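Each chain, written out:
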Amino acid sequence: MPVLAVTLVAGLGIGLQTVAAPARATTTTTTTTTTTTSATSATEPLGPVGSESNPAASCWEIKQERTDAPSGNYWLWTPDLVVADQFYCDQETDGGGWVLIGRGRDGWSHAATGQGTSADVRDVVDGPEAFAPRTLPVETITGLLGGKRVDEQTVRLRRAVSADGSKRQEVRFRYAQARPEWSWQLETDLPVADVSFDGTVIGSGTAASFGKTSASVLYDVHTVISSTSGWRTGWGIRDWNNGLGGSKSSSNHLYKDGGQATRPFTQVFLRPELNSKDFPAPPPEGTPEVTGPEVASSLSRWNPWGVTGLAPESNSFYDVEVQAFAEGDGVMYVGGNFTTIQRNASGADAVNQPYLAAFDVNSGEWIQTFRPQLNGQVQSLAVLDDNRLAVGGEFTQASGVDHQGLVVLDTKVGQVDPYFTTSLVNRVGGLLPAVRTMDLEDGWLYIGGRFTHATNEKLPDEVYGRNLLRLSAADLTPDRAMKVELNGSVWSLDASAAGDRLYAAGMFSLNGSAPAYRGLAVDLGDQSQVPWTLVFSDQRDSNTRQQAVVAAGNSVWITGAEHLLTSYDTATMQVRQTWIQQAGGDGQTLTAAGDTVYAGCHCSENTYEGSRTYASRVEGTVDHGAIEQIGAFSNSGASLEQTFSPRFSTRQGSGAWASLVDSNGTLWVGGDLTHAARDTLAKRWTGGFARFGARDAAAPEKPSDLRVLADGSSHILSWTGPGENGVTYQVLRNGRPVGTTTETTLTVPATDGAQYTVRTIEAAGNASASTAVESAADAPALVVPNGAQWDVSYGQGTPRGWPAVGSLDAYGPAPLGWGTTDVATEIPAAADGSRPITSYYARAFEVPESASGDGLEVTVRVDDGVAVYLNGTEIVRENLPGGALTENTYASSAVSSSSASTSTVKVVVPRDLLETGTNVLTAEVHSNYRKTPSHTFDLSAALATDGR
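Residues numbered from 1 in each chain as written. Predicted model: local features only at pLDDT ≥ 70, side-chain atom pairs only at ≥ 80, totals over all residues. Heavy atoms only, no water.

A. Spatial organisation of the overall build of the protein chain. Secondary structure summary: the protein chain contains three helices and 70 strands in total. Across its three principal axes, the protein chain shows a C-alpha extent of roughly 110 × 80 × 55 Å. Expressed as a percentage of the 948 residues in the protein chain, the buried residues total 57%. Accessible surface for the protein chain amounts to roughly 35200 Å². Of this, 47% is attributable to carbon and sulfur atoms. (Helix = DSSP H or I, 4+ residues; strand = E, 2+ residues; numbered from the N terminus. Buried < 20%, exposed > 50% of the residue type's maximum accessible area, 1.4 Å probe, protein only. Areas by Shrake-Rupley, 256 points an atom, 1.4 Å probe, with all protein chains shown as cover.)

Laid out in structure tokens, this is it:
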């Protein structure tokens, strides 16, 4: 029988041709998409443990099962890692089993996002090309640990101790406290234990500095970031006299700049002893979804405009460029002490617009029609319900008119609202009134700062409310019913979303005669003060100032001096958890969104969870991580979320003074920020504030209808996908991944006892819940796969003897036809472009005697109409009229080209229509009209067991 590529069909004079299949969605029998295969392609047996098709739980497992395994890159997977990846395993040192998590010389970053990619870490592991640090993300390291704590692991450092790198040193140590997760914050006060250098036990120390330099200059690990290290992070050696020969040369394995500590090239390894056999099998209903925390991305969005410059009257650490945000009607209002709006660090298109500006909340574009005129810095903002803008700060005029500390502007051009008549007075301390903080809630505008009285046209008599007042949001009329009298300034306030509590923080100690030391809680129902005694890291009055407070669910968070952040239970007003930030560390801004609380500070290194005292910050610490100007914390768990790990440069180290999550979920952070990380390696100019988009934390939709077919040595899996773009499907066998694909079918080697599940994985790494477990024990035997060879007749009328024919004139692999991207055998048009209405197909298959109790499950594509026959008996008629069918019968309706491949019908044929031995399936495909854009055929058939 001739193949289509060379057969001329009589009557039409057209050549049928087998065409190369176009590029399809990538499918592999591994956990990455590197080669193209299909459900019908031959499958290789599972590779050795640690290979693509058989990822190991750890480098250690590979070495246990393959004692001759060399050092190199291997595939690893744990349930916590979600998606398998390649990692470098050292299989030679000390019994092998070590996984490389980072390497580099000087310039290590503490960012939890890591530096570079996992490929960077594994592919260049040594030599000058590896001097620029590359580290795995903390999330990845957590996945590699598979539920084990970091402080249960031995940390291994392999350091160069000669300029040419020919001499190496082996350092071992263990974090002795508060390391459930890894952190790249190298310099900490946390203790280390089990320290050894080249096998010599040296004792203990802290992660900032440990060893015994009196015994040898090489018995030293010094991670302190200071002038003695050139402010360059690394696993240093205090070789002050440079006996090791360090220099700044790009080829020297030992970085040294003058009298600074030496930073040697270092590789960092861990050795979690994990075995895949210990991973639990999935429950019958399948695995649950896996998502990351709902936090902002660590990488900043590009700002097309920023703010810069300082007003001449600024004179303190607090008078920074950005101090307040408020959003309304698609606009983000930004207030502070800046003078200029410009496009980049070099001052492109710079415009003088001090103190207050507006930006499109989506794009970040400056809204140039909003041009308010104020004569002092803005410290607080709120968009009122009617879209007017309330502004507070250290100004005395707006639009050339006296308004001391408080004004309401229209949001079109920034002019003073003509109906605004409220004014503030301060009769204590000789200073002008100022509003440092405000919050809009339940029809009231709460303001705090420095003032004693307020009036307006409706209430010409002064209303007393020392440093805290409540105004009607409609007309800013002061509320006499609220009785608060604080003897110090209010720095921050927040009314709960439930409208039941008001919280304030500042420099006060009394509310009238009642104690209210630095924190105030008021019941908004009866105006009573709720008892609240704050804890402090330093009891001296000057070190107890509280600068930010936020209500979040059943908690209230407060922060300030001295480096302390605290979460309290609102039911008891007792401490839930505390954190000490260092270096720097005074808290300056708080905002909450969902279950996440963002805490900003002038801080750049450590956060110690559980600690309450700055002077002894390790005491009580239960967890530790890095923080830089702002961090994320779980409200429900009262715990640090290392997943959010931004990096900044600042003008003078004042840090973050304003934060807000907008209606899109984007976090805005403001202060004296000049640059923010745009990727894991570089920063870019950000102009006073940075924006961090919401991290995708939603699970994709799960697949459904998982089906397993047996085809000799293979299992052929198929399922229905959710239809989302940009997702892959992970196939797990007995709870372990055996393949990923972007299609909805995959062929894998058959194994006894196989139980399969499939789940969807999207680009952010979130995984859907999986399908229910499908056992391969009773999988139907596939007798005709998709993509099989079929005999075909086209353009010659109805074949003689149809439909009880054994063969036809030509053949080719399915899908056959035209008009869809997956066509494997193309049937071309005639010279005049015409195409006959109907094509005919035939294929024989065998039924063994052992299948005598089974039926036949047939799945056929419908494009446009199709009829299928088994041994001459009709078993399928879809989208065709009743009665006799001829070569001129039209399909009842059209099927679009885009949906043709998924337009299928499935039937189960009873056993009595099957013959033991040879059987023949025939089919005819009919178009709905002569110029139909697609006309295709494919079919699969499997011997179905009873009940399937």
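B. Fine view of the environment of Asn-303. By the element assignment, Asn-303 lies in the loop between strand 16 (266-270) and strand 17 (306-308). Expressed as a C-alpha distance, the spacing of Asn-303 and Thr-591, which sit 288 residues apart in the sequence, is 21 Å. The contacts of Asn-303, once residues within four sequence positions are left out, are Arg-343, Thr-686, Phe-689, Ala-690 and Arg-691. (Contact = heavy atoms within 4.5 Å.)

C. Local environment of the domain arrangement of the protein chain. Structurally, the protein chain comprises domain 1 (59-270), domain 2 (306-692), domain 3 (704-778) and domain 4 (781-944). Placing the centre of domain 3 and that of domain 4 at their C-alpha centroids yields a distance of 27 Å. Contacts between the two partners involve five residues from domain 3, matched on the other side by four residues from domain 4. For the pair domain 3 and domain 4, the summed buried surface comes to about 410 Å²; carbon and sulfur atoms form 55% of the total. Its largest share of buried area at the contact with domain 4, domain 3 owes to Arg-707, Leu-709 and Ala-710, together 77% of the area lost on that side. (Domains from an automatic or database assignment. Buried area = accessible area lost by both parts, 1.4 Å probe.)

D. Up close: the nonpolar core. Residues Ile-101, Phe-173, Tyr-175, Trp-182 and Trp-235 are the most contacted members of the largest nonpolar core, which totals 45 residues. Discounting chain neighbours no more than four positions away, the residues touching Phe-173 are Gln-153, Thr-154, Val-155, Leu-157, Val-192, Ala-193, Asp-194, Val-195, Phe-210 and Trp-235. (Core = buried A, V, L, I, M, F, W, Y, C linked by side-chain atoms within 4.5 Å.)

E. Fine view of the pattern of salt bridges. Applying the stated criterion across every chain, the model contains 34 salt bridges. Between Glu-321 and Arg-651 there is a salt bridge, with the nearest N and O atoms lying 2.6 Å from each other. With Glu-321 in the loop between strand 17 and strand 18 (322-328) and Arg-651 in the loop between strand 47 (648-650) and strand 48 (656-661), this residue pair connects regions lying 330 residues apart in the sequence. As a salt-bridge pair, Glu-394 and Arg-450 come within 3.2 Å of each other at their nearest N and O atoms. Placement of Glu-394 in the loop between strand 24 (389-393) and strand 25 (397-398) and of Arg-450 in strand 30 (residues 444-450) is noted, with a sequence separation of 56 residues between them. (Salt bridge = Lys/Arg side-chain N within 4 Å of Asp/Glu carboxyl O.)

F. Examining the sheet that holds strand 34 (residues 490-495) more closely. One open sheet holds the three strands; their spatial order is 34-35-38, and the pairing between them is antiparallel. Of all strands in the sheet, those bounded by a partner on one side alone are strand 34 and strand 38 (519-523). On average, each strand axis in the sheet is inclined to that of its neighbour by 15°, with strand direction left out of account. Here five bridges tie strand 34 to strand 35 (residues 501-506), and the two strands are oriented antiparallel to one another. Its bridge partner being in strand 35, Val-490 is matched across the sheet by Gly-506. (Pairing = 2+ DSSP bridges. Axes fitted to C-alpha atoms, helices over the stretch in contact; angles between N-to-C directions.)

G. The arrangement of the sheet that holds strand 28 (residues 423-425) in detail. Read from one edge of the open sheet, three strands run 28-31-32, paired in antiparallel fashion. Lying at the two open borders of the sheet, with one neighbouring strand each, are strand 28 and strand 32 (459-464). The average undirected angle you get between the axes of adjacent strands in this sheet is 20°. In this structure, strand 28 lies alongside strand 31 (residues 453-456), joined through three bridges in antiparallel fashion. If you follow Val-425 over to strand 31, its bridge partner there is His-453.

H. Looking closely at the UniProt feature "domain: Fibrinogen C-terminal" (unreviewed entry) in the protein chain. In this structure's numbering, the residues bearing the UniProt feature "domain: Fibrinogen C-terminal" (unreviewed entry) are residues 50-107. Measuring from the first to the last C-alpha atom of residues 50-107 gives 32 Å, for a span that is 12% helix and 31% strand. (UniProt positions renumbered as here; feature names shortened; annotations may be inferred.)

I. Structural view of the pairing of strand 23 (residues 378-383). The element strand 23 is largely enclosed, with a buried count of six among its six residues. Direction of pairing for strand 23 relative to strand 24: antiparallel, over a ladder of five bridges. Bridge pairing links Val-383 to Leu-389 in strand 24. Between the antiparallel neighbours strand 23 and strand 24 lie five residues, among them Asn-387 with a positive phi of about 70°.

J. Molecular detail of the side chain of Ser-654. If you trace the backbone, Ser-654 turns up in the loop between strand 47 and strand 48. Setting aside residues no more than four positions away along its own chain, Ser-654 makes contact with Phe-317, Val-320, Gln-588, Cys-601, His-602 and Asp-672.

K. Local environment of the state of the cysteines. What the rule picks out here adds up to two disulfides. In this model, Cys-59 is linked to Cys-89 through a disulfide, with the two sulfur atoms separated by 2.0 Å. Its torsion about the S-S bond being -70°, the disulfide of Cys-59 and Cys-89 is classed as left-handed. Taken together, the residues Cys-59 in helix 1 (residues 59-65) and Cys-89 in strand 5 (residues 85-90) connect sequence positions 30 residues apart. A relative accessible area of 1% means that Cys-59 is categorised as buried. (Disulfide = S-S within 2.5 Å.)

L. Structural detail: helix 3 (residues 138-145). Among the eight residues in helix 3, six count as buried, and that is most of the element. All of the buried residues in helix 3 are Val-138, Thr-140, Ile-141, Gly-143, Leu-144 and Leu-145. Considering only its buried residues, helix 3 is in contact with strand 4 (72-76), strand 5, strand 6 (98-104) and strand 16. In the segment just after helix 3, Gly-146 is the residue with positive phi, at about 55°.

M. Spotlight on the pairing of strand 6. Burial runs high along strand 6: seven of the seven residues are buried. With two bridges connecting them, strand 5 and strand 6 associate as antiparallel partners. Residue pairing in the sheet places Asp-90 in a bridge with Trp-98 of strand 6.

N. Here's a closer look at the packing of aromatic side chains. What the rule picks out here adds up to 34 aromatic pairs. Ring geometry for Trp-77 versus Phe-279: centroids 5.9 Å apart, planes at 85°, classification edge-to-face. Of the two residues, Trp-77 sits in the loop between strand 4 and strand 5 while Phe-279 sits in the loop between strand 16 and strand 17, which places them 202 residues apart along the sequence. Given the relative accessible area of 15%, Phe-279 is considered buried. Through a chain of ring-to-ring contacts, three or more aromatic side chains come together here, namely Trp-108, Phe-173, Tyr-175, Trp-182, Trp-184, Phe-210 and Trp-235. In this structure, Arg-470 packs its charged tip against the face of Trp-444, placed 4.1 Å from the ring centre. The side chain of Arg-518 reaches across the aromatic face of Tyr-517, ending 4.2 Å from its centre. (Phe/Tyr/Trp six-rings, centres within 6.5 Å; stacked < 30°, edge-to-face > 60°. Lys NZ or Arg CZ within 6 Å of the ring centre and 35° of its normal.)

O. Highlighting unusual backbone geometry. Omega for the peptide link from Trp-802 to Pro-803 comes to 5°, which places this bond in the cis form. Topologically, Pro-803 is positioned in the loop between strand 59 (789-794) and strand 60 (810-813). Here the residue pair Ala-814 and Pro-815 is connected by a cis peptide bond, since its omega of -5° sits within 30 degrees of zero. Its location among the elements puts Pro-815 in the loop between strand 60 and strand 61 (816-818). Phi angles above zero are rare outside glycine, and Tyr-355 is one such case at about 75°. Structurally, Tyr-355 is set in the loop between strand 21 (351-352) and strand 22 (356-360). We note that Gln-527 has phi near 65°; this positive angle belongs to a residue other than glycine. Within the secondary structure, Gln-527 sits in the loop between strand 38 and strand 39 (546-552). Assessed through its relative accessible area of 21%, Gln-527 is described here as partly exposed.

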